[in-house]
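Chain and residue survey
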Amino acid sequence: MIRKCLFPAAGYGTRFLPATKSMPKEMLPLVNKPLIQYGVEEALAAGINGMAIVTGRGKRAIEDHFDISYELEHQIAGTSKEAALKDIRHLINVCTFSYTRQVEMKGLGHAILTGETLIGNEPFAVLLADDYCVTESGEDPVLLQMVKLYQKYRCSIVAIEEVPHDETSKYGVIGGVEEAPGVYRVRQMVEKPDPADAPSNLAIIGRYILTPDIFDILRVTPPGRNGELQITDALMTQATYGRVLGFKFKGRRFDCGSVEGFIDATNYAYQHIYKRK
Ligand code: G1P
């Protein structure tokens, strides 16, 4: 029922310069796998196989990654190295990848609106690849938890987690009423509020399920924080006339948009994924 996942991937990744000067930040690897591949695997685990990627200038490496590399594959055919491409070959076989370019960087809301042409008129997921999410073994991956919740509530859902109060200005923050354990009906939503203005310490992290009316709302949403079109503002509008839920997911998130988070995620992936293979 949720068939497509949108990946906004047009940002510059300035915190990782010069590494991201000519390489997309989404291609930064946790050990041996690029961030965006973890994201695509999480979407697939949620039963989604339509990957809609909003790219920008300098992002061609993403398209090449989700494609066959004839020369390389011919070169290593029949050797032990072939196994290293098994996972990515599987993704290429079972998923479809479509792309569109965001020509100007006008915010996450603008990136999502740019992706409308790839999504059409159906509910969809949004995954920000620099939020790397992991769960305990036996636990559903985060996007699958959200897809299951969507099946029950049929409305837009944002993943949330508690953050220290003095860090609210790094996130979209919700205020709401807990309707079921871990499920909040959103009453307020503010993009990157100062701690004094934050409705709570429940921060939005980069996993969303959105109903397609969000596109019409985005079209008429004025620029918000930083003069950018914010998905947070559009969701607040949706919450006022309908229902939007905040969902405290089970699992752990690494902010790979920051150097510290990226290092922590790398260590986690090395210990829990790479070494266990
Ligand atoms: C975006 C959203 C913000 C959200 C965050 C999660 O901000 O605008 O509401 O909390 O992603 O990672 P960004 O980190 O792109 O500035």
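Further up the page is the structure itself.
Attention in this report is confined to the structure presented alongside it.

Rules and cut-offs
Residues numbered from 1 in each chain as written. Predicted model: local features only at pLDDT ≥ 70, side-chain atom pairs only at ≥ 80, totals over all residues. Heavy atoms only, no water. Core = buried A, V, L, I, M, F, W, Y, C linked by side-chain atoms within 4.5 Å. Buried < 20%, exposed > 50% of the residue type's maximum accessible area, 1.4 Å probe, protein only. Contact = heavy atoms within 4.5 Å. Helix = DSSP H or I, 4+ residues; strand = E, 2+ residues; numbered from the N terminus. Polar contact = N/O pair within 3.5 Å; in protein donor to acceptor, adjacent residues only side chain to side chain. Near = heavy atom within 4 Å. Areas by Shrake-Rupley, 256 points an atom, 1.4 Å probe, with all protein chains shown as cover. Nonpolar A, V, L, I, M, F, W, Y, C, P; charged D, E, K, R; others polar. Salt bridge = Lys/Arg side-chain N within 4 Å of Asp/Glu carboxyl O. Pairing = 2+ DSSP bridges. Patch = residues over 30% accessible without salt bridge, like charges linked within 9 Å, V, L, I, M, F, W, Y side chains within 5 Å.

Right, let's get into the nonpolar core. Ranked by internal contacts, the top residues of the largest apolar core, which has 40 residues, are Cys5, Phe7, Ile36, Val40, Ile48, Phe66 and Leu143. Sequence-distant contacts of isoleucine 36, that is, excluding residues within four places in its chain, are made with Phe7, Glu26, Met27, Ile53, Ile62, Phe66 and Ala129. Formed by 31 residues, the second largest nonpolar core is a distinct cluster that contains Ile112, Leu118, Ile119 and Ile160.

Here arginine 253 shows up in strand β13 (residues 252-255). Within the structure, the side chain of arginine 253 is placed 3.0 Å from the side chain of glutamate 161, a separation counted as a polar contact. Here the side chain of arginine 253 touches tyrosine 171 through a polar contact of 2.8 Å, side chain to side chain. Those residues within four positions of arginine 253 in sequence are excluded, and the remaining contacts are Asp131, Tyr132, Cys133, Glu161, Tyr171 and Ile205.

Let us now look at the site of the ligand. The environment of the ligand is formed by 13 residues, the closest being Asp131, Gly172, Glu191, Lys192 and Ile204. In the model, an oxygen atom of the ligand is placed 2.9 Å from a nitrogen or oxygen of the glycine 172 main chain. For the ligand, an oxygen atom lies 2.7 Å from a polar atom in the side chain of glutamate 191. For the ligand, the accessible surface in isolation is 380 Å², of which the surrounding protein chains cover 74%. Examining the composition of the shell around the ligand, we find that four residues originate from one element, strand β11 (residues 202-210), more than from any other. Grouping the amino acids of the shell around the ligand by side-chain chemistry returns six nonpolar, four polar and three charged.

Here we take up the pattern of salt bridges. Per the counting criterion, the structure on display carries 16 salt bridges. In this structure, glutamate 73 and arginine 89 form a salt bridge, with 2.0 Å as the shortest nitrogen-oxygen distance. Here the residue glutamate 73 occupies a position in helix α3 (residues 70-76), and arginine 89 occupies one in helix α4 (residues 86-94), the gap between them amounting to 16 residues. Among the residues examined, glutamate 73 registers a relative accessible area of 15% and is labelled buried. Relative accessible area serves as the criterion here: at 29%, arginine 89 is assigned to the partly exposed category. Of the charged contacts in the structure, one is a salt bridge between lysine 248 and glutamate 162, with a shortest N-O distance of 2.9 Å. Within this pair, whereas lysine 248 is found in strand β12 (residues 244-248), its partner glutamate 162 is found in strand β8 (residues 156-162), the two being separated by 86 residues in sequence. Here the salt bridges share partners, and the residues they tie into one network are Arg3, Lys4 and Glu122.

We now examine the pairing of strand β10 (residues 183-191). Two strands pair when backbone bridges link them, and strand β9 (residues 172-180) and β10 are joined in this way by eight bridges, in the antiparallel orientation. Across the sheet, the residue bridging to isoleucine 174 is methionine 189, located in β10. Two strands pair when backbone bridges link them, and β10 and β12 are joined in this way by three bridges, in the antiparallel orientation. Residue arginine 185 lies in a different strand from β12, and its bridge partner there is leucine 245.

A cluster of nonpolar residues, Val31, Tyr270 and Tyr274, forms a patch on the protein surface that exposes about 260 Å² of accessible area. Since its relative accessible area comes to 37%, tyrosine 270 is described here as partly exposed.

Shape is all these values report; function is a separate question.
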